[in-house]
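Descriptive structure summary
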Amino acid sequence: MAILKIARMGHPVLQRVAEPVDDPTAPEIRRLLDDMLETMRDAEGMGIAAPQVHIPLRVVIFVTPLIGTEDADPDEYVLTEIINPVITTLDDDMAEGWEGCLSVPGLKGLVSRYRHVHYSGLDPQGEPIERTAKSIHARVVQHECDHLDGLLYPYRLKDMNKLIFDSEYRHHTVTQRPTKTAEAEDNA
Ligand code: NI
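All of the points below concern the structure found in this document.

Procedures and definitions
Residues numbered from 1 in each chain as written. Predicted model: local features only at pLDDT ≥ 70, side-chain atom pairs only at ≥ 80, totals over all residues. Heavy atoms only, no water. Helix = DSSP H or I, 4+ residues; strand = E, 2+ residues; numbered from the N terminus. Expected span 1.5 Å × (residues − 1). Phe/Tyr/Trp six-rings, centres within 6.5 Å; stacked < 30°, edge-to-face > 60°. Buried < 20%, exposed > 50% of the residue type's maximum accessible area, 1.4 Å probe, protein only. Lys NZ or Arg CZ within 6 Å of the ring centre and 35° of its normal. Salt bridge = Lys/Arg side-chain N within 4 Å of Asp/Glu carboxyl O. Pairing = 2+ DSSP bridges.

**Quick word on helix α2 (residues 135-148)**
Counted at 1.5 Å a residue, the expected span for α2 with its 14 residues is 20 Å, and the 21 Å between its end C-alpha atoms agrees. A positive phi of about 75° marks G150, the residue just after α2.

Listed below in structure tokens is the structure:
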């Protein structure tokens, strides 16, 4: 495994639509997934998308509790590796939450996301993944899949006053709790 260089906001690889993967079981995809995991752990993120390591393919990984998925333990953090993911929204309900991104280091932003989504795709064995997701699980999968379409969370901000440095975020959360519906997310 190898720690890969993470592309930062402004790099063209983060602004393009990533290509679908033809063969999720190909050895180079396995290697990419392993390198993405090592890179994500080194950077202390909870998710990463292939374009963030300069590979414009539709591959994402994240580690979250699988909230909203049937039979999932809401307290267990699970690694998801998903290839060619597709998200569909299940209703119009949205929630605000603070997000960070490994490609936008040092900042946090308050972003509105769908609360309840379905996503599908393939695992590295080529088997289908079909899940519903809520809460932080839904937020992370939306954030990661945005990377595959050239979108970073700052593009989704409604209020630029809610794009703040990490140091201000810590201050903010101590002195002025985010709204009840807001949920913090680590770097993704
Ligand atoms: Ni990100």
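That covers the picture; the talk isn't over yet.
**Some words on unusual backbone geometry**
Phi at E44 is positive, roughly 60°, even though this residue is not glycine. Structurally, E44 can be placed in the loop between α1 (27-42) and β1 (47-49). The residue S135 is not glycine, and still its phi comes out positive at about 55°. Relative to the elements of secondary structure, S135 occurs in helix α2.

**So, the packing of aromatic side chains**
Counted under the stated rule, the structure contains 2 aromatic pairs. Note on F62 and Y119: the rings are 6.2 Å apart at their centroids and 70° apart in plane angle, and the pair reads as edge-to-face. Remark: Y119 occurs in strand β6 (residues 116-122) and F62 occurs in strand β2 (residues 59-65); sequence separation between them is 57 residues. Neither F62 nor Y119 differs from the other in exposure class; each is buried. The aromatic ring of Y169 is capped on one face by K108, whose charged end is 5.4 Å from the ring centroid.

**Some remarks on the pattern of salt bridges**
Enumeration over the complete set of coordinates arrives at 11 salt bridges. Through salt bridges with shared partners, one network takes in E99, R113, R139, D146 and R156.

**Thoughts on the pairing of strand β7 (residues 128-134)**
Every second residue of β7 is oriented toward a common face, the buried set being I129, R131 and A133 and the non-buried set P128, E130, T132 and K134. Sheet topology places β6 next to β7; 7 bridges connect them, and they run antiparallel. Looking across to β7, one finds that H118 is bridged to T132. Once β6 ends, the chain turns through 5 residues before running back antiparallel as β7, passing G126 with a positive phi of about 85°.

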